[in-house]
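In case you want the letters, here they are:
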Amino acid sequence: MWKPAHPVRTPMLVVVVALIVAAAWVPIPYFSEGPGPARDVLPRIAYEDRPRYDPTGTLQLTTVRYRQLTPLLALAAWFDDTQTIVHEDVVYPTDVPVDVVDQRGISQMDQSKIAATVVALHALEHYPRTHGEGALIAGTEPKCPADGKLFPGDIITAVDGTAVRSASQASRLFDAIPVDHPLHLDLDVDGTTEQATFTRAPCGPDDKPLVGISMIDPFPFPVTISSGDIGGPSAGLMWALGLYELLTPNNLTDGRTIAGTGEISTDGTVYPIGGIRDKVVAAERAGATIFLAPTDNMAELDGVDTGDMHVIAVATFDDALRALEQGISAP
């Protein structure tokens, strides 16, 4: 048998190149967690039938960015004191499909927009006494029949052929139909008429037969908030402040760059969120002079150098309004 005079060896350069490519492009089961971009909420809010008062400053929501790592990116994150390396289970739990995690993040964001609109309109309008027709879906309960089929912002216009004028009427219509009978709903979904049918099933915290939706009265005029690729509930406070600012001629921002974070409920309570330290960095990078932080997050900021940025604790929407009206700009 013929044999080559010299053994065939893979050139060392090829091995090195392959290792570099693997380090740069092959993902590992870890993510970096760090400050994301800050984004002005004001140009993302649109509405009809009311004057718009664009202010001289900005209101910035702040984000946390997760990035899938490769060995090379992991090394860079290791030396970056603004980044934390976390296992992929933190971002995408193993018992929940990736698309479900992403959809829940979008749904949480949609719920935050609705809660923020409720708060701002309650402060400025006669809402909910004055409202639109139908029943606005404010949220859905995971693992109930409506989960993944109805979404925050959809409006129920009829139940079993009966026109719906308010959320309370929709609830009464639901209650009048036997639990084991299907509910036939007409819906307004972004201006398009759709139909859906559900039979209630045991679910929710009390495992009672439910469709799995919460409803409120529709807003007296159309409000649209564009969040892009941002998910989660933590922009609620800034959406509420943004809508309030645009609907009033007071110019609360007064030329300032104001950043903040906080989940908001329909009664104006501001709840703590995750990633507060990363969001402070995001606010500083955006040039904010004020950062509005949930009161229950303040302990996490002990020892954090915020430079010239004034961090203000807020427990409610009214707290945030008072802080801005006082004209604080820097320590």
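Here is a short report on the structure shown in this document. Predicted model only: the values in this text are computed from it and were never measured. (Residues numbered from 1 in each chain as written. Predicted model: local features only at pLDDT ≥ 70, side-chain atom pairs only at ≥ 80, totals over all residues. Heavy atoms only, no water.)

## A look at the state of the cysteines
Rule in force here: Pairs of cysteine sulfur atoms within 2.5 Å are identified as disulfides in what follows. Strands are runs of DSSP state E lasting at least two residues, helices are runs of H or I lasting at least four, and both sets are numbered from the N terminus onward. Exposed residues in this analysis have more than 50% of their type's maximum accessible area, buried residues have under 20%, and partly exposed residues fall in between, with area computed by a 1.4 Å probe over protein chains only.
Applying the stated criterion to the full structure yields one disulfide. Between the sulfur atoms of Cys144 and its disulfide mate Cys203 the distance is 2.0 Å. Note on the Cys144 and Cys203 pair: the S-S dihedral is about 105°, so by sign convention the disulfide is right-handed. Note that Cys144 is positioned in the loop between β7 (135-140) and β8 (155-159) and Cys203 in strand β12 (residues 201-203), a separation of 59 residues in sequence. Owing to a relative accessible area of 5%, Cys144 belongs among the buried residues under this scheme.

## Digging into the side chain of Glu245
Heads up, the condition is: Positive: Lys, Arg. Negative: Asp, Glu. His and the chain ends are not part of the count. Salt bridge, as used here, is a side-chain nitrogen of Lys or Arg placed within 4 Å of a carboxyl oxygen of Asp or Glu. The contact criterion used throughout is that any non-hydrogen atoms of two residues lie within 4.5 Å.
Looking at the element boundaries, Glu245 is found in helix α6 (residues 236-247). An unpaired buried charge is present at Glu245: no salt bridge exists, and Arg256, the closest side chain of opposite charge, is 7.3 Å distant. Not counting the four nearest positions on each side in its chain, Glu245 is found in contact with Leu42, Tyr53, Pro55, Leu59, Asn251, Leu252 and Thr253.

## Quick notes on helix α8 (residues 317-325)
Note the cut-off: Read the arc as the range of directions from the helix axis to the C-beta atoms.
For α8, the set of buried residues is Phe317, Ala320, Leu321, Ala323 and Leu324. Buried residues in α8, looked at end-on, bunch into an arc of 160°, giving them a common side.

## Some words on the nonpolar core
Filter applied, for reference: Grouping buried Ala, Val, Leu, Ile, Met, Phe, Trp, Tyr and Cys residues that are joined through side-chain atoms within 4.5 Å yields what is termed a nonpolar core.
Core analysis: the biggest nonpolar cluster contains 47 residues, and Leu237, Trp239, Leu241, Leu292 and Phe317 have the highest contact counts within it. Broken down by element, this core gets its largest block of residues, nine residues, from α6. Ignoring any residue separated from it by four or fewer positions in sequence, one finds Leu292 in contact with Leu237, Leu241, Ile258, Ala259, Gly260, Thr261, Ile312, Val314, Ala320, Ala323 and Leu324. With 21 residues, the next largest nonpolar core counts Ala146, Ala167, Leu187 and Val211 among its residues.

## Some words on the sheet that holds strand β5 (residues 64-68)
Our working rule: Pairing between strands requires that DSSP locate at least two bridges from one strand to the other. Orientation is described by axes fitted as lines to C-alpha atoms, over the contacting stretch for helices, and by angles from 0 to 180 degrees between their N-to-C directions.
Strand order in this open sheet of three strands is β5-β1-β6, and the pairing throughout is antiparallel. Both edges of this open sheet fall to β5 and β6 (84-87), since each of them pairs with a single strand only. This sheet shows a mean twist of 30° between the axes of neighbouring strands, independent of strand direction. Here strand β1 (residues 30-35) pairs with β6 via four bridges, running antiparallel. Pairing of Tyr30 across the sheet is with His87, part of β6. Strand contacts of helix α2 (residues 71-78): β1, β5 and β6, with the helix running at about 135° to β6, the strand carrying the most contacts. Running over the sheet, helix α7 (residues 276-285) touches β1 and β5 and is turned about 50° from β1.

## Remarks on a nonpolar patch on the surface
Spelled out, the test is: Two joining distances apply to patches: 9 Å for like charges and 5 Å for nonpolar side chains (Val, Leu, Ile, Met, Phe, Trp, Tyr), and every residue must have over 30% relative accessible area and no salt bridge. Shrake-Rupley sampling with a 1.4 Å probe provides the accessible areas, and residues are treated as covered by the protein chains on show and by no other component.
A cluster of nonpolar side chains, namely Tyr30, Leu72, Leu75, Trp78, Phe79 and Ile85, defines an oily patch on the protein surface of about 690 Å² accessible area. Here the element with the most residues in the nonpolar patch is α2; it accounts for three residues. Mapped onto the elements, Phe79 comes out in the loop between α2 and β6.

## Things to note about the side chain of Asp40
Which entries qualify depends on this criterion: Here a polar contact means two N or O atoms within 3.5 Å. Within protein one must be a hydrogen donor candidate and the other an acceptor candidate, and residues neighboring in sequence count only if both atoms are side-chain atoms.
With respect to the helices and strands, the residue Asp40 is situated in strand β2 (residues 39-40). A polar atom in the side chain of Asp40 sits 3.2 Å from the backbone nitrogen of Leu59. For Asp40, the residues in contact, after removing those within four places along its chain, are Thr58, Leu59 and Gln60.

## Focus: the sheet that holds strand β16 (residues 257-260)
Strand-to-strand pairing in sheets goes through backbone hydrogen bonds, with the strands running parallel or antiparallel. Taken together, five strands build an open sheet; the order of strands is β2-β4-β16-β19-β20 and the sheet is mixed. At either margin of the open sheet sits one strand with a lone partner, and together these are β2 and β20 (310-314). Where β16 lies against strand β19 (residues 290-294), three bridges are found, and the strand directions are parallel. Residue pairing across strands places Gly260 opposite Leu292, the latter belonging to β19. The sheet contacts of α7 involve β16 and β19, and relative to β19 the element is tilted by about 165°.

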